[in-house]
Every structure is written in C-alpha cells, then in structure tokens.
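Notes for the structure review
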Amino acid sequence: MDLLDNRSSVSEFILLGLSNSQEIQIFFFAIFLLVYVAIIVGNLLIVISVIVDNHLHSPMYFFLANLSFFDLCLSSAATPKVIADFLRKRKTISLWGCMAQMFFMHFFGGGEMSLLIAMAMDRYVAICKPLQYKTIMNCRALIVFLLLSWATGFIHTTSQMVFTVGLSFCGPNVVDSIFCDLPLIIKLACTDTYILELFIIANSGLLSLVCFILLLISYIIMLVTIWQHSSGASSKAMSTLSAHITVVTLFFGPAIFIYAFPFNSYSVDKFLSVFYSIITPLLNPIIYTLRNQEMKAAIKRLSSQHLGSWLTS
C-alpha cells in the first residue's frame, strides 16, 4: 500500500455520473433504489426457495441459486455507492475503493460467465443424454463446476488488477462513468498503458466472446435435439432453454460490445455498464420465475408458509 501511495499523487477519483441536473439525479436515485431493492428481494427469494424447498433440490436449481447469489454480489459491488452518489453534488471514490470496486465486479462477472456455461452443460446433458443425467450431474460434478466458476472469476480479476494496482496516477482523476470502470481508469495512469489496454481487451473481451460462442454452439445442439422430438417433455425443455438463452444474451451482449469498442464510446459504454451491472441482475430472477412453473410454485409455498406462521404467531 505504501508503494502505491509513493507512486501516486491521486488519492481519489471524481465520477461524472449520468447527469448534472439535480432533478434528473433525484429521478435516477428513486429508479436505481427501486431496482436495487428488487434485485435483492428477487434473487434472495430464489436462493432461499432452492435451499428450503425439496422440490427444487436438483442440479438445475442448484446452479440457478448460485447464479442469483452471483447477481446479488455483482450488483452490490457498485450499486449502493451509485445510489448514494445521486444525492451528492461531488461524486468521489477513494483510490483503493475504486480498486476494490473493479476487483469485485470482474470477480463476480467472470464467475458468472463460467456459471452460465455450467448451466448450459447441465441443460445439454438433461436434453441430449437424459438417461445418463443423474450419473453425469452428480454431487461431485456440481461442486467441481461451482469451484471452477469461483476460480475463473478470481483468476480473471486478479490477472488484470495485479497490473492495475501498480499503475501511477498523478494527473487527471475524472471518470466519465457512475462507477470505476477498468478501461477508463487505466487511461488516467501517468505511464504508457497501451500493452495493458490490449491485455484487458484480450482478457475480458475474448473471455466474453469465447464463452458466448461456446454457449451458442451448445444451445444450437440442444435446439436441434428438441426439434427432433415433439413431446410434452420437449415443450418443457424448450421453455427452460429459452429462459437460459435470454439470460445469456442479456449478460454477454453488453459485455462483448463494451470490449469490442473499448476506450472510445464513453457515453455508450456508460449506459451499457449500467445495463450489465444493474439491469441484468434484475432481469435474471424475473425471467427464471416467470418462465418456470416450479420456481413460481416454490415461491408461493415459501410465501404462504411464512404468511401462515406470521398470522398464527
């Protein structure tokens, strides 16, 4: 820490936010607060329902509960600070606060990418190899998939942050975003960061693109398999699969766009970052609960149990 302080004269960054108008900022404050509350409630409902409801003790819902946990952590890495900043005229974040924010956002973002691949693998085995499903997707396999997701997120963020933390910041400290965005932050360094910029594009951009392509190929194979059958089970599989495809598209679309056109379209990237870190964690529980009858039934049972206990107490 002392080494970084000696090399840097910048102790904080100034965030420009979304607007300079006080009225608009109050409007954004209300919207973001409501969205964040919905994210917490929606994802917690999924996690708790999967834990307490025996009907949801299956690999698919195990992954769904962990996806909701990743969404909770991803949105909480920056959203509370963003909401508080809407009420402040001068929006600042400390140097180390900025580093921590970027670390956790890439940690949970990278982990979620891997988890989505694990979810696709689960659906692939269920649809294409149904007779071997319980054998392949056993408890050991679930734990391995989950540990790989955490490890991928940690390696992804550490490989970038280990170089970013060592940068010297001694000049401009204004960031045209609502939170610390890695491509924008490294542009403020006093040293030449061209190689680091290319590394970040390769690290985050290629990771997003490769994961998306792998998911796309697996979903195409599954769709072909489903179209070859015309049963009620195939209809249910199609409904579940369409929810997965929607979530994957919403998650990877903004991420790929941000890193396909880095460091140039700041205003576009700003709103895409909002979508990626705030809107997507809200859409995930909505998509999975509205499209999944078992999840809706579990949430109803959970609500009725707690309501009944509250009325009798």
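Residues numbered from 1 in each chain as written. Predicted model: local features only at pLDDT ≥ 70, side-chain atom pairs only at ≥ 80, totals over all residues. Heavy atoms only, no water.

Once that is clear, we can look at the state of the cysteines. Summed over the entire model, instances satisfying the criterion amount to two disulfides. Here Cys98 pairs with Cys180 through a disulfide, and the sulfurs are 2.1 Å apart. Between Cys98 and Cys180 the disulfide shows an S-S torsion of about -130 degrees. By sign, it is left-handed. Here the residue Cys98 occupies a position in helix α5 (residues 95–128), and Cys180 occupies one in the loop between β3 (174–175) and α8 (182–186), the gap between them amounting to 82 residues. The residues Cys98 and Cys180 share a single accessibility class, namely buried. There is a disulfide in this structure between Cys170 and Cys190, and the S-S distance comes to 1.9 Å. Highlighted residues: Cys170 in the loop between α7 (139–164) and β3 and Cys190 in the loop between α8 and α9 (194–227), separated in sequence by 20 residues. Here Cys190 falls in the partly exposed class, since its relative accessible area comes to 36%. (Disulfide = S-S within 2.5 Å. Helix = DSSP H or I, 4+ residues; strand = E, 2+ residues; numbered from the N terminus. Buried < 20%, exposed > 50% of the residue type's maximum accessible area, 1.4 Å probe, protein only.)

This model, assessed by the stated rule, comprises 18 aromatic pairs. With centroids separated by 5.1 Å and ring planes inclined at 40 degrees, the aromatic side chains of Phe70 and Trp150 adopt a geometry described as tilted. Of this pair, Phe70 sits in helix α3 (residues 59–76) while Trp150 is found in helix α7, placing the two residues 80 residues apart along the sequence. With a relative accessible area of 28%, Trp150 lands in the partly exposed category. Between Phe108 and Trp150, the aromatic rings sit 6.1 Å apart at their centres with planes inclined by 75 degrees, giving edge-to-face as the arrangement. Here Trp150 lies in helix α7 and Phe108 lies in helix α5, a separation of 42 residues in the sequence. (Phe/Tyr/Trp six-rings, centres within 6.5 Å; stacked < 30°, edge-to-face > 60°.)

Now for the layout of surface pockets. There is about 240 Å³ of room inside the second largest pocket. Together, 14 residues line the second largest pocket, and Gln25, Arg88, Lys89, Arg90 and Lys91 are the ones closest to its centre. For the lining of the second largest pocket, the secondary structure elements donating two or more residues are β1 (12–15) and α2 (22–52). With three residues, the top contributor of residues to the lining of the second largest pocket is α2. (1 Å grid on protein atoms, 1.4 Å probe; cavity = no way out; pocket = protein on both sides within 12 Å on 5 of 7 lines; lining within 4 Å. Points joined across faces, edges and corners; volume = space filled by probe spheres on them.)

Structurally, Thr225 is set in helix α9. In terms of polar contacts, Thr225 uses its side chain to reach the backbone carbonyl oxygen of Ile221, at 2.9 Å. Setting aside residues up to four positions removed in sequence, Thr225 forms contacts with Ile127 and Cys128. (Polar contact = N/O pair within 3.5 Å; in protein donor to acceptor, adjacent residues only side chain to side chain. Contact = heavy atoms within 4.5 Å.)

If you walk through the whole model with that rule in mind, you get six salt bridges. Arg90 is the salt-bridge partner of Glu12, the closest N and O atoms lying 3.2 Å from each other. A residue pair is termed long-range when its members are at least 10 positions apart, and Glu12 in strand β1 and Arg90 in the loop between α4 (79–85) and β2 (92–94) qualify at 78 residues. The partner of Asp85 in a salt bridge is Lys81, and the shortest N-O contact between them spans 2.7 Å. (Salt bridge = Lys/Arg side-chain N within 4 Å of Asp/Glu carboxyl O.)

This part takes up the environment of Phe70. Exposure remark for Phe70: the relative accessible area of 1% places this residue in the buried category. In this structure the C-alpha to C-alpha distance between Phe70 and Gly111, which are 41 residues apart in sequence, comes to 7.6 Å. Apart from residues lying up to four places away in sequence, Phe70 is in contact with Phe108, Gly111, Glu112, Leu115, Ser149 and Trp150.

Let us look at the UniProt feature "transmembrane region" (unreviewed entry) in the chain. UniProt feature "transmembrane region" (unreviewed entry): in the numbering of this structure it lies at residues 26–48, 60–79, 99–120, 141–163, 206–227, 239–261 and 273–291. Annotation note: span residues 26–48, helix share 100%, strand share 0%, distance between end C-alpha atoms 33 Å. Here residues 60–79 is 90% helix and 0% strand, with 28 Å between the C-alpha atoms at its ends. (UniProt positions renumbered as here; feature names shortened; annotations may be inferred.)

This part is about the environment of Glu197. Assignment of secondary structure puts Glu197 in helix α9. Sequence separation between Glu197 and Leu184 is 13 residues, and the spatial gap between their C-alpha atoms is 9.9 Å.

In this section: a nonpolar patch on the surface. A contiguous nonpolar surface patch, about 590 Å² in accessible area, is contributed by Leu206, Leu209, Val210, Ile213, Leu214, Ile217 and Ile221. As for its position among the elements, Ile221 is in helix α9. (Patch = residues over 30% accessible without salt bridge, like charges linked within 9 Å, V, L, I, M, F, W, Y side chains within 5 Å. Areas by Shrake-Rupley, 256 points an atom, 1.4 Å probe, with all protein chains shown as cover.)

Two numbers describe how α3 lies on α7: the axes approach to 11 Å, and their chain directions differ by 20 degrees. With respect to their mutual orientation, α3 and α7 come out roughly parallel. The crossing of α3 and α7 is right-handed. The residues of α7 that touch α3, namely those facing Pro59, Phe62, Phe63, Asn66, Phe69 and Phe70, are Leu142, Phe145, Leu146, Ser149 and Trp150. When grouped by side-chain class, the residues that make up the contact of α3 with α7 number nine nonpolar, two polar and no charged. (Axes fitted to C-alpha atoms, helices over the stretch in contact; angles between N-to-C directions. Parallel < 35°, antiparallel > 145°, perpendicular 65-115°, else oblique. Left-handed = near helix turned anticlockwise from the far one by under 90°. Nonpolar A, V, L, I, M, F, W, Y, C, P; charged D, E, K, R; others polar.)

Here we come to the pairing of β1. Every second residue of β1 is oriented toward a common face, the buried set being Phe13 and Leu15 and the non-buried set Glu12 and Ile14. Of the pairings in the sheet, the one linking β1 to β2 comprises three bridges and is antiparallel in character. Bridge assignment links Phe13 to a residue of β2, and that residue is Ile93. For β1 and β3, the ladder comprises two bridges, and the chain directions are parallel. Within β3, the position partnered with Ile14 by the bridge is Val174. (Pairing = 2+ DSSP bridges.)

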